[in-house]
Amino acid sequence: MLDDVYNARILELAASIPRLGRLPQPDGSATAHSRLCGSTVTVDVVMDGDRVADFAHDVKACALGQASSSIMAQHVVGSTAAELKDLRDAVRRMLKENGAPPAGKWADVAVLEPVRDFKGRHASTLLTFDAVVEAVGKATAARAQAAE
């Protein structure tokens, strides 16, 4: 069953993560860490209004965290804050409550569905989704504070 989790597509995604690195002047940054496995993902975002205009991340994670980060990096630019929060919530439901995987441009997340049977790997799989929502939230808060 563990072979279902570490399938060829997950390993392919983990081996080809786009947008690696850090942005020089992000509007928001966040780091998510899994105490269980030691994986860490740090993300930077630049926002254009409510949409992500630029994105980079530093990924020090297991294959599942890397695969999640790869999927995120492929589709995050152009996404809205609400869409990313909904995505994070959908992935959490998929893993923890047998929910359906996201559809549309996020359909690749379905490759992570077998992880639901391995609770110890949920945290590393969710890292990028949590970090992106937090970074976008920080960017939004900073913009609101600057407008005051």
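Residues numbered from 1 in each chain as written. Predicted model: local features only at pLDDT ≥ 70, side-chain atom pairs only at ≥ 80, totals over all residues. Heavy atoms only, no water.

### Notes on the overall build of the protein chain
Working step 1: Within the protein chain, the regular secondary structure consists of five helices and three strands.
Working step 2: Rg of the C-alpha trace for the protein chain: 15 Å, near the compact-globule value of 15 Å for 148 residues, within the 12% margin.
Working step 3: Looking at the protein chain as a whole, 45% of its 148 residues qualify as buried.
Working step 4: Considering only contacts in the protein chain between residues 6 or more positions apart, those separated by 24 or more positions represent 61%.
Working step 5: Counting only carbon and sulfur atoms, one obtains 51% of the accessible surface of the protein chain, whose full area is about 7100 Å².
Working step 6: Measuring between centres, the 17 positive side-chain charges of the protein chain sit 4 Å from its 19 negative side-chain charges. (Helix = DSSP H or I, 4+ residues; strand = E, 2+ residues; numbered from the N terminus. Rg over C-alpha atoms; globule rule 2.2 N^0.38 Å. Buried < 20%, exposed > 50% of the residue type's maximum accessible area, 1.4 Å probe, protein only. Contact = heavy atoms within 4.5 Å. Areas by Shrake-Rupley, 256 points an atom, 1.4 Å probe, with all protein chains shown as cover. Lys, Arg positive; Asp, Glu negative; His and termini not counted. Charge placed at Lys NZ, Arg CZ, Asp CG, Glu CD.)

### A short note on the sheet that holds strand 2 (residues 40–48)
Working step 1: Reading across from one edge, 1-2-3 is the order of the three strands in this open sheet, with antiparallel pairing throughout. Sheet topology places strand 1 (28–33) and strand 3 (51–60) at the edges, where each strand pairs with a single neighbour. On average, each strand axis in the sheet is tilted by 20 degrees relative to the strand beside it, whichever way the strands run.
Working step 2: Taken together, the six bridges between strand 1 and strand 2 define a ladder with antiparallel strand orientation. (Pairing = 2+ DSSP bridges. Axes fitted to C-alpha atoms, helices over the stretch in contact; angles between N-to-C directions.)

### Describing the pattern of salt bridges
Working step 1: Inspection of every chain in the model, using the stated rule, returns eleven salt bridges.
Working step 2: With a shortest N-O distance of 2.4 Å, E12 and R9 are connected by a salt bridge. Pair noted here: E12 and R9 are both in helix 2 (residues 8–15), with a separation of three residues, about one helical turn.
Working step 3: Between R92 and D130 there is a salt bridge whose closest N-O contact spans 2.7 Å. In this pair, R92 is assigned in helix 4 (residues 81–96) and D130 in helix 5 (residues 122–147), connecting sequence segments 38 residues apart.
Working step 4: One continuous salt-bridge network, built from bridges that share partners, spans R9, E12 and D108. (Salt bridge = Lys/Arg side-chain N within 4 Å of Asp/Glu carboxyl O.)

### What to know about the nonpolar core
Working step 1: Among the nonpolar cores identified, the biggest contains 39 residues, and F55, M72, L84 and V109 are the most heavily contacted of them.
Working step 2: Of all elements in the fold, only helix 2, strand 1, strand 2, strand 3, helix 3 (63–75), helix 4 and helix 5 reach the threshold of two or more residues within this core.
Working step 3: Element by element, the count of residues in this core is highest for helix 5, at eight residues.
Working step 4: Beyond its immediate chain neighbours, meaning those up to four positions away, L84 contacts V52, M72, V76, S79, W106, V132, V133 and V136. (Core = buried A, V, L, I, M, F, W, Y, C linked by side-chain atoms within 4.5 Å.)

### Quick look at the environment of E12
Working step 1: Take E12: its relative accessible area is 47%, and that puts it in the partly exposed class.
Working step 2: Residues E12 and A63 lie 51 residues apart in sequence; the distance between their C-alpha atoms is 9.4 Å.

### Some points on unusual backbone geometry
Working step 1: Although it is not a glycine, R19 sits at a positive phi angle of roughly 60 degrees.
Working step 2: For R19, a relative accessible area of 34% gives the class partly exposed.
Working step 3: A positive phi angle is found at N98, which is not glycine, with a value near 60 degrees.
Working step 4: One can find N98 in the loop between helix 4 and helix 5.
Working step 5: Overall, N98 belongs to the exposed group, its relative accessible area being 59%.

### Things to note about the side chain of S124
Working step 1: Among the structural elements, S124 can be located in helix 5.
Working step 2: A residue is classified by how much of its surface remains accessible, and S124, at 3% relative accessible area, is buried.
Working step 3: Residues in contact with S124, not counting those within four places in the same chain, are S34, C37, S39, C62, L64 and G65.

This is a description of form; function is not addressed.
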